[in-house]
Amino acid sequence: MADGAPQSGISANRLEAEDYHANFADLYPPLDRHEAHVASDRCYFCYDAPCVTACPTAIDIPLFIRQIATDTPEAAARTIFSQNILGGMCARVCPTEQLCEEACVREAAEGKPVQIGRLQRYATDTLMAADVHPFTRAAATGKRVAVVGAGPAGLSAAHRLALHGHDVTILDAKPKAGGLNEYGIAAYKTPDNFAQREVDWLLQIGGISVEHERALGRDTTLEQLRNDFDAVFLGIGLSGTNALGIPGDDLENVQDAVDFIDQLRQANAKADIPIGRDVVVIGGGMTAVDAAVQSRLLGAETVTIVYRRGQDGMSASGKEQDHATHEGVHLKCNAQPVALHGDGAVREVEFEYTTQSGGQLVGTGERFRLPADQVFVAIGQTLGETGLELDGRKIAVGAGGRTTLDGVWAGGDCASGGDDLTVTAVAEGRDAAEDIHAMLSGGE
Amino acid sequence: MADLSINFAGIKSPNPFWLASAPPTDKEYNVRRAFDAGWGGVVWKTLGLDPHVVNVNGPRYGAIYGADRRLLGLNNIELITDRPLQTNLDEIKAVKRDYPDRAMVVSLMVPCDEKSWKTILPMVEETGADGVELNFGCPHGMSERGMGSAVGQVPEYIEMVTRWVKQNTRMPCIVKLTPNITDIRKPAEAAHRGGADAVSLINTINSITSVNLDLFAPEPTIDGKGAHGGYCGPAVKPIALNMVAEIARNPVTADLPISGIGGITTWRDAAEFIALGAGSVQVCTAAMTYGFKIVEEMISGLGQWMDEKGHTNIDAITGRAVPNCSDWQNLNLNYVTKARIDQDLCISCGRCFAACEDTSHQAISMSADRTFEVIDEECVACNLCVNVCPVEGCITMEEMKPGEVDPRTGRTVEAEPADWTTHPNNPASVAAE
Ligand SMILES: Cc1cc2nc3c(=O)[nH]c(=O)nc-3n(C[C@H](O)[C@H](O)[C@H](O)COP(=O)(O)OP(=O)(O)OC[C@H]3O[C@@H](n4cnc5c(N)ncnc54)[C@H](O)[C@@H]3O)c2cc1C
Ligand SMILES: Cc1cc2nc3c(=O)[nH]c(=O)nc-3n(C[C@H](O)[C@H](O)[C@H](O)COP(=O)(O)O)c2cc1C
Ligand code: SF4
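Worth saying up front: this structure is predicted, and the values here are computed from it rather than measured.

**Quick look at the overall build of chain A**
Turning to step 1, where the next piece is worked out: What chain A contains, in helices and strands, is 17 helices and 19 strands.
Turning to step 2, where the next piece is worked out: Over its C-alpha atoms chain A spans a radius of gyration of 23 Å, differing by no more than 12% from the 22 Å that the globule rule assigns to 444 residues.
Turning to step 3, where the next piece is worked out: Taking the principal axes of its C-alpha atoms as reference, chain A extends roughly 65 × 55 × 50 Å.
Turning to step 4, where the next piece is worked out: Looking at chain A as a whole, 54% of its 444 residues qualify as buried.
Turning to step 5, where the next piece is worked out: Element-wise, carbon and sulfur atoms account for 47% of the exposed surface of chain A, whose accessible area totals about 18300 Å².
Turning to step 6, where the next piece is worked out: Each charge sign in chain A was given a centre, from 36 positive and 63 negative side chains, and these centres are 2 Å apart.

**Re the domain arrangement of chain A**
Residue and element names in this part refer to chain A.
Turning to step 1, where the next piece is worked out: When its domains are assigned, chain A resolves into domain 1 (33–129), domain 2 (144–239 + 383–440) and domain 3 (242–380).
Turning to step 2, where the next piece is worked out: Each of domain 2 and domain 3 has a C-alpha centre, and these two points are 30 Å apart.
Turning to step 3, where the next piece is worked out: Between domain 2 and domain 3, the contact holds 16 residues from the first and 14 residues from the second.
Turning to step 4, where the next piece is worked out: Summed over both partners, the interface of domain 2 with domain 3 comes to about 1100 Å²; 43% of that surface belongs to carbon and sulfur atoms.
Turning to step 5, where the next piece is worked out: Of all residues in domain 2, the largest losses of buried area upon contact with domain 3 belong to Tyr183, Ala187 and Tyr188, amounting jointly to 45% of the total for that side.

**Some remarks on the domain arrangement of chain B**
Turning to step 1, where the next piece is worked out: Splitting chain B by domain gives domain 1 (6–324) and domain 2 (328–432).
Turning to step 2, where the next piece is worked out: Computed over C-alpha atoms, the centres of domain 1 of chain B and domain 2 of chain B are 39 Å apart.

**With respect to the packing of helix α2 (residues 33–40) of chain A against helix α4 (residues 61–69) of chain A**
Residue and element names in this part refer to chain A.
Turning to step 1, where the next piece is worked out: Two numbers describe how α2 lies on α4: the axes approach to 9 Å, and their chain directions differ by 130 degrees. Taken together, the axis directions place α2 and α4 in an arrangement best described as oblique. Pair α2 / α4 crosses with left-handed handedness. Note on element contacts: α4 touches α2 through Ile65, Ile68 and Ala69, opposite Ala36, His37 and Ser40.
Turning to step 2, where the next piece is worked out: Each residue belonging to the contact of α2 with α4 can be placed in one class, and the counts come to 4 nonpolar, 2 polar and no charged.

**Brief notes about the side chain of Gln294 of chain A**
Turning to step 1, where the next piece is worked out: Mapped onto the elements, Gln294 of chain A comes out in helix α15 (residues 286–297).
Turning to step 2, where the next piece is worked out: At a separation of 2.8 Å, a polar atom in the side chain of Gln294 of chain A contacts the main-chain amide nitrogen of Ala187 of chain A.

**As for the interface of chain A and chain B**
Turning to step 1, where the next piece is worked out: With 17 residues of chain A at the contact, the number on the chain B side is 19 residues.
Turning to step 2, where the next piece is worked out: Each partner contributes to the roughly 1500 Å² buried at the junction of chain A and chain B, and carbon and sulfur atoms together form 43% of this total.
Turning to step 3, where the next piece is worked out: In terms of surface lost to chain B, no three residues of chain A exceed Phe45, Arg66 and Thr70 of chain A, which account for 34% of the buried area on that side.
Turning to step 4, where the next piece is worked out: Viewed at the interface, chain B and chain A are joined by 4 salt bridges.
Turning to step 5, where the next piece is worked out: Note that Arg33 of chain A is salt-bridged to Glu392 of chain B, the shortest N-O span being 3.0 Å.

**Thoughts on the sheet that holds strand β2 (residues 144–148) of chain A**
Residue and element names in this part refer to chain A.
Turning to step 1, where the next piece is worked out: Reading across from one edge, β4-β3-β2-β5-β19 is the order of the 5 strands in this open sheet, with parallel pairing throughout. Two strands in the sheet have a free side with no partner beyond their single neighbour: β4 (208–212) and β19 (408–410). In this sheet, neighbouring strand axes are inclined to one another by 20 degrees on average, regardless of whether the strands run parallel or antiparallel.
Turning to step 2, where the next piece is worked out: In this structure, β2 lies alongside strand β3 (residues 167–172), joined through 5 bridges in parallel fashion. Note that in β3 the partner of Ala146 across the bridge is Thr169.

**Observations concerning the packing of aromatic side chains**
All names here are of chain A.
Turning to step 1, where the next piece is worked out: A full pass over the atoms with the stated rule returns 10 aromatic pairs over all chains.
Turning to step 2, where the next piece is worked out: When the centroid spacing of 4.9 Å and the interplanar angle of 40 degrees are considered together, the rings of Tyr353 and Phe368 count as tilted. One end of the pair, Tyr353, is in strand β13 (residues 345–357); the other, Phe368, is in strand β14 (residues 360–371), and 15 residues separate them in sequence.
Turning to step 3, where the next piece is worked out: Tyr353 gets classed as partly exposed once you look at its relative accessible area, which sits at 24%.
Turning to step 4, where the next piece is worked out: Here the aromatic residues Phe351, Tyr353 and Phe368 are joined through ring pairs into a cluster of three or more.

**Thoughts on the site of ligand 1**
Residues and elements named next belong to chain A.
Turning to step 1, where the next piece is worked out: As a matter of local geometry, ligand 1 sits amid 34 residues, with Val93, Asp172, Lys189, Leu216 and Asp413 nearest to it.
Turning to step 2, where the next piece is worked out: In the model, an oxygen atom of ligand 1 is placed 2.7 Å from a nitrogen or oxygen of the Lys189 side chain.
Turning to step 3, where the next piece is worked out: Protein burial of ligand 1: of its 1000 Å² of free accessible surface, 93% is covered by the chains.
Turning to step 4, where the next piece is worked out: Of all elements in the fold, only α10 (152–163), β3, α15 and α17 (422–440) reach the threshold of two or more residues within the shell around ligand 1.
Turning to step 5, where the next piece is worked out: Examining the composition of the shell around ligand 1, we find that 3 residues originate from one element, α15, more than from any other.
Turning to step 6, where the next piece is worked out: Class assignment for the residues of the shell around ligand 1 results in 17 nonpolar, 10 polar and 7 charged.

**Considering a nonpolar patch on the surface**
All names here are of chain B.
Turning to step 1, where the next piece is worked out: A cluster of nonpolar side chains, namely Ile208, Val211, Leu213 and Phe216, defines an oily patch on the protein surface of about 470 Å² accessible area.
Turning to step 2, where the next piece is worked out: Tracing the sequence through the fold places Leu213 in the loop between β12 (210–212) and β13 (217–219).
Turning to step 3, where the next piece is worked out: We classify Leu213 as exposed; its relative accessible area is 62%.

**Some details on helix α5 (residues 155–168) of chain B**
All names here are of chain B.
Turning to step 1, where the next piece is worked out: Helix length check: α5 (14 residues) gives 20 Å between terminal C-alpha atoms against 20 Å at 1.5 Å per residue, within 8%.
Turning to step 2, where the next piece is worked out: Those residues of α5 that sit buried are Pro155, Ile158, Glu159, Val161, Thr162, Trp164 and Val165.
Turning to step 3, where the next piece is worked out: Buried residues along α5 sit against α3 (114–125), β8 (131–135), α4 (149–152), β9 (173–176) and α6 (185–193).

Reading the values: rules and limits
Residues numbered from 1 in each chain as written. Chains lettered and ligands numbered in written order. Predicted model: local features only at pLDDT ≥ 70, side-chain atom pairs only at ≥ 80, totals over all residues. Heavy atoms only, no water. Helix = DSSP H or I, 4+ residues; strand = E, 2+ residues; numbered from the N terminus. Rg over C-alpha atoms; globule rule 2.2 N^0.38 Å. Buried < 20%, exposed > 50% of the residue type's maximum accessible area, 1.4 Å probe, protein only. Areas by Shrake-Rupley, 256 points an atom, 1.4 Å probe, with all protein chains shown as cover. Lys, Arg positive; Asp, Glu negative; His and termini not counted. Charge placed at Lys NZ, Arg CZ, Asp CG, Glu CD. Domains from an automatic or database assignment. Contact = heavy atoms within 4.5 Å. Buried area = accessible area lost by both parts, 1.4 Å probe. Axes fitted to C-alpha atoms, helices over the stretch in contact; angles between N-to-C directions. Parallel < 35°, antiparallel > 145°, perpendicular 65-115°, else oblique. Left-handed = near helix turned anticlockwise from the far one by under 90°. Nonpolar A, V, L, I, M, F, W, Y, C, P; charged D, E, K, R; others polar. Polar contact = N/O pair within 3.5 Å; in protein donor to acceptor, adjacent residues only side chain to side chain. Salt bridge = Lys/Arg side-chain N within 4 Å of Asp/Glu carboxyl O. Pairing = 2+ DSSP bridges. Phe/Tyr/Trp six-rings, centres within 6.5 Å; stacked < 30°, edge-to-face > 60°. Near = heavy atom within 4 Å. Patch = residues over 30% accessible without salt bridge, like charges linked within 9 Å, V, L, I, M, F, W, Y side chains within 5 Å. Expected span 1.5 Å × (residues − 1).

Okay, here's the thing in structure tokens:
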């Protein structure tokens, strides 16, 4: 298929079969033992280490790295999992350059942090490859907790609750568990079905049943759950997305970026996914970057991310942006879409340059058009309807993830506070579980 | 997990990891934090009689480093505690009361007369401490006053003082030995004769870590002058391991419990001391370099290794390597190995070649494309290439099977062991049966 000028419009099979394989392989392959030892040797075992403070789940990073250095990666994995049961996924998807590795004192000393993320992967892979689940459940308490959503927040909460001996029922709207680990994260960050393998491994704790394709609001209500269970945890993420709301946004091949990635992650063969020759992605976050990069990896010829503010305003990290440009994605900043043009299917996107004026983002009046066979919209996700009190656009939660409704906790992307990151969701799920556990144990 | 608790010469501790008598155990604040961090026991910083000693007010330490400024050896000129005796005793009592399950051993150093020992021992007993350790090891300052290693270097003194101590207290008595002698078995035997319940070793080794070439003075330099200090840290571990093994192998002291000290930094170091006969281990420099928290790695690592190997408790591994500590003359000369370079792991740095070509047996070849290979006809299996290779596991020693011909000697490898004692070149050899 690769011969000749790339065809305009949307088309599958733009690349040779082996190219797909290479393009969607592990972005950062695992360290081998020697590499792990060299990398671990660089850790200074800092006192009250800044990397630990920077980790939303507060993994004891110096300890686990020392355990790798002394050739006990299994012990290192236990150290990691005791704080973060999704330490395997986090090792692959955390923007470490904005978290632990940014705080590493060797970043300050030499501009080269200890490779914490990759070391974490080395340790967790070692234990998971041995198919060892490092925890045993406490004696059953007879208490029942409903967890809505099997994303990182829900899984983390469920595991911690099960560990304490409670019986957990997870309900999830989707056919597979994992939340965005399964349906959202870039394919090259978590190849080889890792998300499902991790869920299976996590469930080995016992005491957790998962009910797939059971949606809150459709198949049950919050009232019902509060009646049937001793506590309810909501980890429903952000199920809606913002629309462009400009002329032409209903044209064919204008698609939500999250849906596109979902389709990509679930595809049996990446070659089957039709992709445009000229792709435009609108947005400035991780979703925009992932949609753009994966468009390139599927064979799109030109891919442009257009973001309405300056580049330093993009929420995708510098490393993510570099990765995108390295993969041949163009970044265009300070421009907002005003209309999409085409005849049935989209052909062009019209933008207006923007500037800051009196603290406001305003159009300059100067316009330009980009050719586009396909447009991905990545301008933010929204919370589904829960009836709970909100703080801004998310469920209002206090300490321990308590919502304003008795017996209902929430955490992860759907709850107020914290960044929209996998690791934050894990931390909030875990902490809410501890709070629920304290309540169920008659703590108050 | 395996049971890490120990009963060392009657002193119980939840794990074998103790802090050695030194700054980490110098006062209540430190020891409480150490126990909170998970240490199984401490040997309190050495007490003496009042008036208490004083320390220098300039630098006490010198260091040597490995790559990346990793501290490998520490040299110190600190003396015993420089705080009043009663202050220490009060603190020991308070800590022991609050941490009854931890081992509290008190290190002592008083002048070489029975009266001094009779004075201090009841005071220590009164604190509720679990035992005493006699510091016969400090190699600087105190030795100039006839204490520390000045006692530890004279076996008769060790025996005499140990006997006084045993006669004047019910507490278990550990004798801490100095490595600054020629044969470590002699002071250990003397301690044994004197009735010691255990020995601990090593204390620090006489050393000068570096010389300031502007001042022409040893470091650490105090107003232009320096004095030798005591050396410790990872660099001394091999010396300590050998001394521990010597005592464990000696039939006279074979049953004497040993507390192993010297460069212990990780669980593996500790396991090695234990395998050579130590029933507990003590740590100083590693804690001073990295903080109390390192004990977490020691506990998890030792526990994991024991679980993996099916060792259920510390007794099951103590001394397990002692029977394999032999003498040169008993090593099997029919055991033949050859170096093997794993070409997949080799990064072509050429260090093995430099080592073998320049300083050993010219048994490694180098091709134009930097492929390095062992020449079996020349390889004497010295292990130097293995030791200098930067990639662990890249060069290994492969054992030749009986029946194979060693291309270097042309001799067939024999299945039966044979050592120097029966070798024809040995003038004193006894003919094999
Ligand atoms: C494209 C993309 C890429 C990303 N890349 C990264 C990255 O590289 N690194 C990173 O740290 N973060 C990344 N994130 C963010 C990260 O994925 C989220 O922060 C994280 O998944 C939030 O976890 P959660 O459990 O709160 O929600 P989700 O993962 O969204 O899980 C919510 C779950 O709830 C279920 N659910 C929703 N509504 C209902 C209902 N009514 N009834 C029952 N079930 C329901 C859903 O099916 C889903 O399984 C990315 C996000 C996106 C969209
Ligand atoms: C600063 C310093 C002070 C020490 N003071 C004492 C002491 O008062 N009494 C004692 O028995 N040993 C003392 N030691 C020796 C240690 O207890 C220990 O035997 C030695 O440091 C070797 O162990 P290491 O390699 O783990 O440091 C001291 C060591 C250091 C570094
Ligand atoms: S370690 Fe503490 S006491 Fe020692 S020199 Fe540094 S600051 Fe001073």
